[in-house]
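A structural walkthrough
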Amino acid sequence: MTEFIVFILAVALFLYALLAGADFGAGIIEILPSKIPTNDKTVLIGKAMGPVWESNHIWLILALVISFNAFPGIFWFISEWFHFPFGALAFGIIFRGASFTFLHYDPIKDGSQKIYHWIFGLSSVWCTFWLGLIVGSLMLGNFSLSDTGIFERYFKHWLNPVAISMGFFVTFLMMFNAALFLTAEAKVHRPLWRSLTLKIFIVLILSGLITHGIFLAYAIDRWKFFFMNPVSIVLIVFSFLFLMPQIYTIDRSLRNSSRFIAGLQLICIMGAGFYPLYPNFILTQDATSISFLEASAEPAVLRALIYALVVGLLLILPGYYFLMKIFKSNIDE
Amino acid sequence: MINSAMDSLLAARLQMAFSLGFHIIFAVIGMVMPVFMSASYWHYLKKKNPDALELTKLWMKGVAIFFAVGAVSGTLLSFELGLLWPEFMKHAGPIVGMPFSWEGTAFFLEAIALGIFLYGFERISPWKHWFASFMVGVAGVTSGIFVMAVNSWMNAPQGFDFENGVFKNIDPFAAMFNDAWFSQSHHMTIAAFTSVSAGVLGIHSFLYLLGRRKNLNLLAIKIAAPFFIISALLQPLSGDLAAKDVAKRQPIKFAAMESLFETTRSAPLVLGGIPNVENERVDYAIHIPKILSYLAHGDLNSEVKGLNDFPKEHWPPVAIVHVAFQIMVFCGSLLALAAVLALLTIIRKKSLASNPWLLKLFVLVSPLGIVAIEAGWTVTEVGRQPWIIYGFMKTKDALTNAPALQLTFYTYLFLYLFLMVVVCWLFYRLILVHFLKKDGP
């Protein structure tokens, strides 16, 4: 029962990273200097993200609901120890959502569009950075559960080079994800979109190397724990191998295949990060841990949650499929 | 910077109050406007009236704006629950998780249906398209009802055994269908319809009186008026049921609402006034003999518990609860009166638009529904203090230990005020384009 819920939680987080990640990345690309005319970028991003952006972010709400329902100990830990990063992320989410709405629903197109446009872009950078920082901090595990000091409890585990560099790496990863998605969707300026994707890819690789370097220098044991794990190594190799078919599908405008491969790549990257941890979610430097299996709620609660998830998915998926169908015709126009 | 625990607690409570107070406006609009939008679209599909289509599209834009801002402020709230009240979520999360997960499903369906409606014009068959608009409304109302299950559980906690400070043997279904759910749900759902329909009537009456797009505004008035009349007339009955429920389950909250200090038989209803807590009386109030006993227990001679029956440390802030309750009742009564006048006009087979005074009254009462909702939530939440889970966990025990909560509060306050100004500005521009500019939309 617990494993099934962990699986659904992982799916929700994966879909959030994939769909909302592309959405965040698109926001950054919108303000990124490039040869693609700004207006064309805004129109494509609006068309590509508009119908689904609200539902994209509901995957995060689903992940939060599953967490506090089934794993209250983990939710408590995240809420307390990541008080400031999550607070900052929430702040970015509200600015981003509001500016996107204003950008696309303000009936008068005047100078205010530029302000919405910049707020949307900057808050997208802000959100992806904090998301990445949280992931980096969880991987580093630089906390001790017995710490009671303000700095140790609320700042130490994320105010360090590994978490910060991971924040930048995830920002570039989301940008790359979005660039792939938008290149596949673009009807005009396709060579320019391809060139932009390539540039972001180079920056992503550089950022990845720097993050690894910092991780190695700062916490070699923890680096080995994640990156010398055979499953993680295989997954990382696969994520690179998928690049070739990815380039092919973009070149041939095979939109669905391109999305599918982007999803597989992200599964590999996220799997490489979280597989070594499981069944733990929090693994601290002093070897104490909070595990999914130990921190789960009572069986009656898990059963009720499973009913809700199964019925909920049965209700949601047909509608979601229908929305995607309409969404495709929206882009094609 | 805050040092004392009380300062942090106040900052966190104020932040939560502003977040909920901001979100609730968008939540109720997101619940009810899709129903109006759907009614207007139905009108267009049946009668092919171009004004109905334009009205549908105008309301659709409004729904999109309010829904999106409501979605992000709701996401923020789900963060704040954990960030400000981690101990509450740690214990209550598994108990109230089920209504939250159903609410998530309903909200997801609402977002999908809205996406289909926004982008489905001329891409899907008209009646399928209409069904999407209808589903936005159904999912929105359902979502609100599930959220009420969570709040009502905080007022009537059940579905668990409490042993040595731990919540055990959780029954999520008993928690969800708690004793307060029904009364809070119908009261809030009706309030949502009353406040939003009052707002819609007010805005379109104002534009009608200005002489702009008369047919379109008249159609909007015709759609909103039945919802307003029915909900505003039902609300006093719903309020009576809710008050009886509070008197039974949370007598201390009920006593604070009425500022009743001593337990009294044949207790009088207190109208208005300013509670003088130190001297345990209400200044400048009107007392109507025996009516409070009747309203609380359906018997003119029944006994109503007073605040002095409870330890003083368990008293909520009496003055705030009393004044908020009076504001809510006053606003609700005025809205019911406006509904009676509108109903009389219809019974006399006259058009609502034939009576400019009625339209002016609609304009005047239009903000009262939202004021009543804010006041009602103040009664519910402040009236439960000092408890976050009534009788089981105090609010101060649920608070995070994180520093600088005052700074966070001011930041969020600024954010919400800023967003409110921008949304109002956007709303003004929407009206400007559709009604006030000479060249029209």
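Residues numbered from 1 in each chain as written. Chains lettered and ligands numbered in written order. Predicted model: local features only at pLDDT ≥ 70, side-chain atom pairs only at ≥ 80, totals over all residues. Heavy atoms only, no water.

Looking at the overall build of chain A
Helix and strand content of chain A: 14 helices and 2 strands. For chain A, the spread of C-alpha atoms along the principal axes amounts to about 55 × 45 × 40 Å. A total of 333 residues make up chain A; the buried ones form 59% of that total. For chain A, the accessible surface area stands at approximately 13,300 Å², while carbon and sulfur atoms represent 75% of it. Computed over 20 positive and 18 negative side-chain charges, the inter-centroid distance for chain A is 11 Å. (Helix = DSSP H or I, 4+ residues; strand = E, 2+ residues; numbered from the N terminus. Buried < 20%, exposed > 50% of the residue type's maximum accessible area, 1.4 Å probe, protein only. Areas by Shrake-Rupley, 256 points an atom, 1.4 Å probe, with all protein chains shown as cover. Lys, Arg positive; Asp, Glu negative; His and termini not counted. Charge placed at Lys NZ, Arg CZ, Asp CG, Glu CD.)

Thoughts on the packing of aromatic side chains
If you walk through the whole model with that rule in mind, you get 62 aromatic pairs over all chains. Ring centres of phenylalanine 68 of chain A and phenylalanine 100 of chain B lie 5.3 Å apart, and the angle between their planes is 75°; on these two criteria the pair is classed as edge-to-face. You can see phenylalanine 68 of chain A sitting in helix α3 (residues 53–70) and its partner phenylalanine 100 of chain B sitting in helix α3 (residues 86–119), one on each of two chains. Of the two residues, phenylalanine 68 of chain A and phenylalanine 100 of chain B, both sit in the buried class. (Phe/Tyr/Trp six-rings, centres within 6.5 Å; stacked < 30°, edge-to-face > 60°.)

Observations regarding the interface of chain B and chain A
On the chain A side, the residues contacting the 63 residues of chain B number 63 residues. Where chain B abuts chain A, roughly 5,700 Å² becomes buried across the two surfaces, and 79% of that area is made up of carbon and sulfur atoms. The three residues of chain B that bury the most area against chain A are Phe79, Phe108 and Tyr119 of chain B, which together make up 12% of that side's buried surface. Connecting chain B to chain A are 1 salt bridge. Residue arginine 429 of chain B is joined to aspartate 106 of chain A by a salt bridge in which the shortest nitrogen-to-oxygen separation is 3.0 Å. There are 12 residue pairs in polar contact (both at pLDDT 80 or more) connecting chain B and chain A. No other element matches α3 of chain B, which puts 21 residues into the side of chain B that touches chain A. (Contact = heavy atoms within 4.5 Å. Buried area = accessible area lost by both parts, 1.4 Å probe. Salt bridge = Lys/Arg side-chain N within 4 Å of Asp/Glu carboxyl O. Polar contact = N/O pair within 3.5 Å; in protein donor to acceptor, adjacent residues only side chain to side chain.)

Concerning the packing of helix α4 (residues 126–155) of chain B against helix α12 (residues 368–384) of chain B
Residues and elements named next belong to chain B. Running from N to C, α4 and α12 cross one another at 40°; their axes reach a closest spacing of 10 Å. Crossing of α4 against α12: the hand is left-handed. Across the interface between the two elements, Met148, Asn151, Met154 and Asn155 from α4 touch Trp377, Thr380, Glu381 and Arg384 from α12. Of the residues contributing to the contact of α4 with α12, the split by class is 3 nonpolar, 3 polar and 2 charged. (Axes fitted to C-alpha atoms, helices over the stretch in contact; angles between N-to-C directions. Left-handed = near helix turned anticlockwise from the far one by under 90°. Nonpolar A, V, L, I, M, F, W, Y, C, P; charged D, E, K, R; others polar.)

Looking at the packing of helix α6 (residues 181–209) of chain B against helix α11 (residues 356–365) of chain B
Residue and element names in this part refer to chain B. Running from amino to carboxyl end, α6 crosses α11 at an angle of 130°, the nearest separation of the two axes being 7 Å. With respect to their mutual orientation, α6 and α11 come out oblique. For the crossing formed where α6 meets α11, the hand is left-handed. Across the interface between the two elements, Ala198, Leu201, Gly202, Ser205, Phe206, Tyr208 and Leu209 of α6 pack against Pro356, Leu359, Lys360, Phe362, Val363 and Val365 of α11. (Parallel < 35°, antiparallel > 145°, perpendicular 65-115°, else oblique.)

Here we look at unusual backbone geometry
Proline 279 of chain A follows tyrosine 278 of chain A through a cis peptide bond whose omega is 10°. Looking at the element boundaries, proline 279 of chain A is found in the loop between α13 (255–274) and β1 (280–283). One non-glycine residue, lysine 48 of chain B, lies in the positive phi region at around 55°. Its location among the elements puts lysine 48 of chain B in the loop between α1 (5–47) and α2 (50–84). The class for lysine 48 of chain B is exposed, based on a relative accessible area of 52%. The phi dihedral of asparagine 164 of chain B is positive, around 50°, even though this residue is not glycine. Here asparagine 164 of chain B shows up in the loop between β1 (161–163) and β2 (166–168). Since its relative accessible area comes to 81%, asparagine 164 of chain B is described here as exposed.

Thoughts on the confidence of the model for chain B
Interpretation of this model should avoid reading the predicted coordinates in detail wherever pLDDT is low. Of all residues in chain B, 97% have pLDDT values of 70 or greater, and the mean over the chain is 90. For chain B, per-element mean pLDDT is lowest for helix α14 (residues 405–436) of chain B, which scores 85, and highest for α12 of chain B, which scores 96. (pLDDT = per-residue confidence, 0-100.)

Quick notes on the nonpolar core
One finds Trp85, Phe88, Trp153 and Phe228 of chain B to be the most contacted residues of the largest nonpolar core, which totals 269 residues. Residues contacting phenylalanine 228 of chain B, with those up to four places away along its chain left out, are Thr194, Ser197, Ala198, Leu201, Leu335, Ala338, Ala339 and Phe362 of chain B. (Core = buried A, V, L, I, M, F, W, Y, C linked by side-chain atoms within 4.5 Å.)

With respect to the side chain of serine 232 of chain A
Residue and element names in this part refer to chain A. Positionally, serine 232 belongs in helix α11 (residues 230–241). Among the polar contacts listed, one links the side chain of serine 232 to the backbone oxygen of alanine 272, at a separation of 3.0 Å. With near-sequence residues (within four places) excluded, serine 232 lies in contact with Phe226, Ala272 and Pro276.

Details of the environment of serine 146 of chain A
Residue and element names in this part refer to chain A. Following the sequence through the fold, serine 146 ends up in the loop between α6 (112–140) and α7 (150–154). The class for serine 146 is exposed, based on a relative accessible area of 59%. The spacing of serine 146 and lysine 224 is 78 residues in sequence and 25 Å in space, taken between C-alpha atoms.

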